[in-house]
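Results of the structural survey
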Amino acid sequence: MNLAIASLLVGSAAAFSPAASFGVRTSALNAEAAAATEETKAFKMLPASVKAGVVTGKALTDLLDNAKERGYAIPGVNIVGTNSINSCMEAAAKYGGPIMVTFSKGGGQFIAGKSVDNTDDRASIAGTIAGAKHVHEVAALYGVPVVLHTDHCQKAWLPWIDGLLEASVEHFEKTGSPLFSSHMLDLSEEPLEENIAICKSYLEKFAKVGILIEFELGVTGGEEDGVDNTDVDSSRLYTQPEEVFYAHQELSQVEGGAFTCAASFGNVHGVYAPGNVDLQPIILYNSQKYIQEKIGSEDDKPMRFVFHGGSGSSVEDIQYAIGAGVVKMNIDTDTQWAFWDGLRAYEAKYHDYLQAQIGNPEGDDKPNKKYYDPRMSLRAAEEAMAARLIKAAEDLKCVNVLN
């Protein structure tokens, strides 16, 4: 085990208090939280702990609980480089809400460079860290809260998360906050007890530095970034309330732990013709009621849910799911298309200026550099992706939720 992690995990003082509140105990974070409540709020409609820039720890759970209470969900967008990262934050600044920038293992590798040897996930780890550091450097410039998240990590990919955790521990020791806000462990292919046991062991590590865990129950159908569930038995697409309660019960035992649940209710990655996807968000309502009754909570939405496989879903299904405590919806397929469509439209508009370095409809000796400069087409792609995200934020009721 990395020495920095080992020394942190065996420390006598816990960094955070019990799971339900994710409050702060005997650490520098205690002073930070106290100061946050005293100083002027950065956003009128958000808790004082939430500032512009990367949001972690108590500020993150405060933000998610604000979403749950007010009935909006944060777009969680898969990215593949600084262009798509910046599109996310540009969109958030325009729609007036938070954004979740999401790295996949393959996306991290792409950022490092596809030509780089990825033995032991070293390229995926390095690229994801590099992307996260970019966000830390520029996020505050956009004036919105940004959540730094990683997407589906199956059991065989856990070394990727281990490498990212090392980076967060190092960042925590220097700054008092982790490099990443949250990580998703997708162990839904494993038996329920093993799934939650592994998640619990990781949450114990995450809690020491203020990282939230997202876990998956059931299976999200379709295929995305190396995770292929296209042939999965349809019964596994629907999570049962008893399973959600079991996970809630086990993870709530972790001191300082914070978690969200990706419960399956017929979700499928990708875009399909109408009628091919049977969403049943009532499962989320039933799960909330079941947990509430079991633990005797006054909160009618004790679990923070997230929505995977949302591309192509109807606005009615999306907003009905938000009513059940969904605080984030993943978006990938639709934003990939939007990015490409921006490139395609740029090429179509300037086609005759993109056939040679010199020579266009304005004259055989006219230079075309300003048209084939990569920044021009990439900017068109960024704008198209940002526009699609603004539409997504409207569907998620995440517009003008800051002030």
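The structure presented is a predicted model; accordingly, all values stated were derived computationally and were not measured. (Residues numbered from 1 in each chain as written. Predicted model: local features only at pLDDT ≥ 70, side-chain atom pairs only at ≥ 80, totals over all residues. Heavy atoms only, no water.)

Attention now goes to the packing of aromatic side chains. Two numbers describe a pair of aromatic rings. These are the distance of the centres and the angle of the planes. Under the definition given, this model contains eight aromatic pairs. For the ring pair Phe-245 and Tyr-290, a centre distance of 5.9 Å and an interplane angle of 75° mean the geometry is edge-to-face. Remark: Tyr-290 occurs in helix H10 (residues 282-295) and Phe-245 occurs in helix H9 (residues 241-251); sequence separation between them is 45 residues. Connected via pairs of aromatic rings, a cluster forms that spans Tyr-346, Tyr-350, Tyr-353 and Tyr-371. When the ring centre of Trp-157 is taken as origin, the NZ or CZ atom of Lys-105, which lies over that ring, is 5.0 Å away. The aromatic ring of Tyr-202 is capped on one face by Lys-205, whose charged end is 4.5 Å from the ring centroid. (Phe/Tyr/Trp six-rings, centres within 6.5 Å; stacked < 30°, edge-to-face > 60°. Helix = DSSP H or I, 4+ residues; strand = E, 2+ residues; numbered from the N terminus. Lys NZ or Arg CZ within 6 Å of the ring centre and 35° of its normal.)

Once that is clear, we can look at the nonpolar core. Within soluble globular proteins, side chains that are nonpolar tend to cluster in buried spots. One finds Val-101, Val-135, Leu-185 and Phe-215 to be the most contacted residues of the largest nonpolar core, which totals 100 residues. The element contributing the most residues to this core is helix H7 (residues 158-175), with eight residues. Not counting the four nearest positions on each side in its chain, Val-101 is found in contact with Val-77, Ile-79, Ile-85, Cys-88, Val-135, Val-146, Val-147, Leu-148 and His-149. (Core = buried A, V, L, I, M, F, W, Y, C linked by side-chain atoms within 4.5 Å. Buried < 20%, exposed > 50% of the residue type's maximum accessible area, 1.4 Å probe, protein only. Contact = heavy atoms within 4.5 Å.)

Relative to the helices and strands, Glu-382 resides in helix H14 (residues 374-395). Given the relative accessible area of 11%, Glu-382 is considered buried. Each C-alpha atom of the pair Glu-382 and Asn-83 lies 6.2 Å from the other, and the pair is 299 residues apart in sequence.

Structurally, the position occupied by Thr-260 is in strand S9 (residues 259-263). Overall, the relative accessible area of 3% leaves Thr-260 in the buried class. For Thr-260, the contacting residues outside a window of four places in its chain are Leu-64, Leu-212, Ile-213, Glu-214, Phe-215, Arg-304 and Val-306.

In this section: the environment of Gln-319. With respect to the secondary-structure elements, Gln-319 resides in helix H11 (residues 315-322). Residues Gln-319 and Ala-73 lie 246 residues apart in sequence; the distance between their C-alpha atoms is 8.9 Å.

Evaluated as defined, the whole model comprises 17 salt bridges. Put simply, Lys-328 and Glu-214 hold a salt bridge, and the shortest N to O gap is 3.1 Å. Placement of Lys-328 in strand S11 (residues 326-331) and of Glu-214 in strand S6 (residues 212-217) is noted, with a sequence separation of 114 residues between them. A relative accessible area of 1% means that Glu-214 is categorised as buried. Salt-bridge contacts for Arg-388 lead to Asp-334; the nearest nitrogen and oxygen are separated by 2.9 Å. Pair noted here: Arg-388 is in helix H14 and Asp-334 is in helix H12 (residues 333-349), with a separation of 54 residues, a long-range link. Where salt bridges share partners, they join Glu-90, Lys-94, Arg-379, Glu-382 and Glu-383 into one cluster. (Salt bridge = Lys/Arg side-chain N within 4 Å of Asp/Glu carboxyl O.)

Now for the side chain of Thr-61. Tracing the backbone shows Thr-61 in helix H3 (residues 57-70). Residue classification places Thr-61 among the buried positions, given a relative accessible area of 1%. A polar contact of 3.0 Å, which involves the side chain of Thr-61, links it to the backbone oxygen of Lys-58. (Polar contact = N/O pair within 3.5 Å; in protein donor to acceptor, adjacent residues only side chain to side chain.)

In this structure, strand S12 (residues 358-360) lies alongside strand S13 (residues 363-367), joined through two bridges in antiparallel fashion. Residue pairing in the sheet places Asn-360 in a bridge with Gly-363 of S13. Between S12 and S13, which pair antiparallel and follow one another directly, the connecting turn spans two residues. (Pairing = 2+ DSSP bridges.)

In contact at an axis separation of 9 Å, helix H6 (residues 122-138) and H7 are set at 40° when each is read in the N-to-C sense. Put simply, H6 runs oblique to H7. When you trace H6 past H7, the crossing you get is right-handed. Within the contact between the two elements, H6 uses Ser-124, Ile-125, Thr-128, Ile-129 and His-136 and H7 uses Pro-159, Trp-160, Gly-163, Leu-164, Ala-167 and His-171. Considering only residue class, the contact of H6 with H7 consists of six nonpolar, five polar and no charged. (Axes fitted to C-alpha atoms, helices over the stretch in contact; angles between N-to-C directions. Parallel < 35°, antiparallel > 145°, perpendicular 65-115°, else oblique. Left-handed = near helix turned anticlockwise from the far one by under 90°. Nonpolar A, V, L, I, M, F, W, Y, C, P; charged D, E, K, R; others polar.)

On to the confidence of the model for the chain. Here the chain averages 88 in pLDDT, and 82% of its residues register 70 or above. The low-confidence segment residues 3-7 (pLDDT under 50) makes seven contacts with residues lying over four places distant or belonging to another chain. Counted against residues more than four places away or in other chains, residues 226-234, with its pLDDT under 50, gives 17 contacts. (pLDDT = per-residue confidence, 0-100.)

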